[in-house]
Amino acid sequence: MSGPGQPVDAAVVQRQVRDHLFLNFTDMGNYKDADIPIFVKGEGCELIDVNGRRFIDGLSGLYCANIGHDFGSEVGDAAKAQMEELAYTSTWYVAHPRAAELAERIGDLAPEGLNRVYFTTGGGEANESMWKMVRNWHQANGQPQRTKAIARDTAYHGTSLGALSFTGIEECRTPFEPLPIDVTHVSATNAYRHPKGDDPVAFTQALLEEMEQAIIDAGPDEVALIIAEPVQNSGGCFTPPEGYWAGLRALADKYGALLTADEVITGFGRTGEWFGSIRYDIAPDFIVFAKGATAGMAPLGGVIVHERVAEPFVTGKAFYNHGTTYSGHPVSAAIGLKVLDIYDREGVVDNVRSNEAYLAKRLNELRSIPLVGDVRGVGYFWALEMVKDRDTKQTFEGEEADWLLRRVLSQRLYDDGLLCRLDDRGDPVVQLSPPLIADEQMLGRIVDIVGEAVQYASDEVQKGMPAS
Ligand SMILES: Cc1ncc(COP(=O)(O)O)c(C=O)c1O
């Protein structure tokens, strides 16, 4: 038996992992003979592994540990008090105070008109719940034939089959096709790689023309939804050009579709505002959230619904034909409320705003390293794209990308004690998404480590990559 506070026997845990634990998106064969990293404790922006080594949590876990790792005891007290009072009741024809209050507080933080919250246990489930609301809404408006959606290339919206339909990453989708929702994928806002990316006006126009054509091709009266992230994670922090989201809103209105901002990452401070929709003046029908809502401390996500979309459900003209046992779970909701208190008390969103310019400046200085083709992002959400040749923007592919990311960079970053993401689901990027409590000194440490690792990788590339 083990438990928090008790000594951990690393060998026992390695055996348990090897023999019993099914890991996410992991080549488990890699750990047949090698040890898997095991983390046992968190402090501030750092994680401590089973051998006592410290690592900077440069990705906030999976973009969720927004308040770092120091507030567990306070949040735990709130969870304990809720469990002692009422550990479970549902939000099926009944309700309870914590879910109600959390819905009100999230509605207060969201942009004008987005006031009603449906709770889920995570982001993918939130996207599916949103989709079913979209379908029920169109049905109530006499348009049951609206069954298609438009999403974006390389975007990640979740892995359960409905959410996977929106996801635009081929290797995630292909093994599970045919997928249940008919989704067309269009270009993301990747200015670095788009032929018109240097001219924001022409770029926006090209993207919107492509989106409009996709709607026309799908059948304008069959398209139910446009879904996108304010800043797209997968592919490496693609920020939207000026006018892009206003254009999406206009197209959704023109063709009678609904518009979703998937803010599973960008929600709750990541961009320096409570929501990316505030930062970029987006007027969506739905905001989908998860992760930062509880700062990773409980599985909770949800859909913030605009009042004009909620209206037919509230007046009884429409019926939401959906539900799950843990929607609005009292303990998760109590944790969400306490985490929001901490965001407020600690000035977490202001902290991002104050340090954003410093982080941007320091990261942009890394452009002097030959390997760095692009630096992009916002708030505490940044990517460095690595290229073979800056003039031609030639990318690393296949085994070369694998060597660069998984052999050279990941080893070096790990040795230097930084956890971040190395991703080649689009072109290869190093991604940073530090806890939103990180101060300038912590951000500086992160950039120093990344800079040294990327410089090292650049030197290795100069020496010559292994023949494939
Ligand atoms: C933008 C976005 N949407 C949806 C999801 C899926 O969330 P979950 O893993 O909680 O299902 C993710 C997860 O990273 C995400 O980044």
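On a predicted model such as this, the values are computed, not experimentally measured, just so you know.

Parameters and conventions
Residues numbered from 1 in each chain as written. Predicted model: local features only at pLDDT ≥ 70, side-chain atom pairs only at ≥ 80, totals over all residues. Pairing = 2+ DSSP bridges. Helix = DSSP H or I, 4+ residues; strand = E, 2+ residues; numbered from the N terminus. Axes fitted to C-alpha atoms, helices over the stretch in contact; angles between N-to-C directions. Near = placed C-beta within 6 Å. Nonpolar A, V, L, I, M, F, W, Y, C, P; charged D, E, K, R; others polar. Expected span 1.5 Å × (residues − 1). Buried ≥ 20, exposed ≤ 12 C-beta atoms within 10 Å, placed from the backbone. Arc of directions from axis to C-beta. Core = buried A, V, L, I, M, F, W, Y, C linked by C-beta atoms within 7 Å. Contact = placed C-beta atoms within 7 Å. Parallel < 35°, antiparallel > 145°, perpendicular 65-115°, else oblique. Left-handed = near helix turned anticlockwise from the far one by under 90°. Domains from an automatic or database assignment.

Some points on the sheet that holds strand β7 (residues 223-228)
Read from one edge to the other, the open sheet built from 7 strands follows the order β4-β10-β9-β8-β7-β5-β6, with strand pairing classed as mixed. Edge strands, defined here as strands with exactly one partner in the open sheet, are β4 (114-120) and β6 (182-186). Averaged over all adjacent pairs, the angle separating strand axes in this sheet is 25°, with direction ignored. As defined by bridge partners, strand β5 (residues 148-152) adjoins β6 across 5 bridges and the pair is classed as parallel. If you follow A149 over to β6, its bridge partner there is V183.

What to know about the site of the ligand
In the neighbourhood of the ligand, 14 residues make up the surrounding shell, with G122, G123, G124, G158 and V264 lying closest. For the shell around the ligand, the element with the most residues is helix α5 (residues 123-140), which contributes 3 residues. Within the shell around the ligand, the residues separate by chemical class into 4 nonpolar, 8 polar and 2 charged.

Considering helix α4 (residues 97-109)
Across its 13 residues, α4 extends 18 Å between first and last C-alpha, which sits within 8% of the 18 Å expected from 1.5 Å per residue. Turning to α4, its buried residues number three or more, namely R98, A99, L102, A103, I106 and L109. One side of α4 carries all its buried residues, which in axial view fall inside an arc of 130°.

Structural notes on the environment of K196
Tracing the backbone through its elements, the reader meets K196 in the loop between β6 and α8 (200-218). Since 15 C-beta atoms lie within 10 Å of it, K196 is described here as partly exposed.

A short note on the nonpolar core
The nonpolar side chains of a soluble globular protein tend to be buried, and buried together. L258 and I304 are the most contacted members of the largest nonpolar core, which has 125 residues in total. When near neighbours in sequence (up to four residues on either side) are disregarded, L258 contacts V134, W137, A224, L225, A252, D285, F286 and V309.

Description of α5
Compared with an ideal rise of 1.5 Å per residue, which puts 18 residues at 26 Å, α5 spans 25 Å between its outermost C-alpha atoms and is within 8% of the ideal. With 13 of 18 residues buried, α5 lies mostly within the body of the structure. Among the residues trailing α5, G142 stands out with phi positive, at a value near 75°.

A few points about the pairing of strand β11 (residues 372-378)
The side chains of a regular strand alternate, residue by residue, between the two faces of the sheet. Burial within β11 is extensive, with 7 of its 7 residues counted as buried. In this structure, β11 lies alongside strand β12 (residues 381-386), joined through 6 bridges in antiparallel fashion. Bridge pairing in β12 links G377 to W382. Linking β11 back to β12 in an antiparallel pair, the connection comprises 2 residues, with G379 at a positive phi of about 55°.

Focus: the environment of D424
Along the polypeptide, D424 turns up in the loop between β14 (421-423) and β15 (429-432). For the pair D424 and A401, spaced 23 residues apart in the sequence, the C-alpha separation amounts to 7.1 Å. Contacts of D424, omitting those with residues within four sequence positions, involve A401 and L405.

As for the packing of helix α13 (residues 348-365) against helix α15 (residues 440-463)
Put simply, α13 and α15 touch, their axes get as near as 10 Å, and they point 20° apart. When the interaxial angle is binned, α13 and α15 end up roughly parallel. Where α13 crosses over α15, the handedness of that crossing is right-handed. Across the interface between the two elements, N355, Y358, L359, R362 and L363 from α13 touch E440, L443, G444 and V447 from α15. The residue inventory of the contact of α13 with α15, partitioned by class, reads 5 nonpolar, 2 polar and 2 charged.

A short note on the sheet that holds β15
One open sheet accounts for 4 strands, arranged β11-β12-β15-β14; its pairing is antiparallel. The open sheet has two edge strands with one neighbour each: β11 and β14. Neighbouring strand axes in the sheet, compared pairwise and without regard to direction, differ in orientation by 20° on average. Of the strand pairs in this sheet, β14 and β15 are connected by 3 bridges, and their pairing is antiparallel. Looking at β15, one finds that L422 is bridged to V430.

Looking at the pairing of strand β1 (residues 39-43)
Judged from the 4 bridges that link them, β1 and strand β2 (residues 46-49) form a sheet pairing that is antiparallel. Each residue of the ladder has a partner; that of F39, found in β2, is D49.

Notes on the packing of α8 against helix α9 (residues 244-255)
Interaxial distance between α8 and α9 falls to 10 Å at its minimum, and their mutual angle equals 25°. Considering their axes alone, α8 and α9 lie roughly parallel with respect to each other. Crossing of α8 over α9 shows right-handed handedness. Within the contact between the two elements, α8 uses T204, L207, L208, M211, E212 and I215 and α9 uses Y244, G247, L248, L251 and Y255.

Concerning the domain arrangement of the chain
On domain assignment, one finds that the chain holds domain 1 (37-67 + 347-463) and domain 2 (74-345). Its C-alpha centre places domain 1 at a distance of 26 Å from the equivalent point of domain 2. Between domain 1 and domain 2, the residue contacts involve 29 residues of the former and 24 residues of the latter. Within the side of domain 1 that touches domain 2, the residues separate by chemical class into 14 nonpolar, 8 polar and 7 charged.

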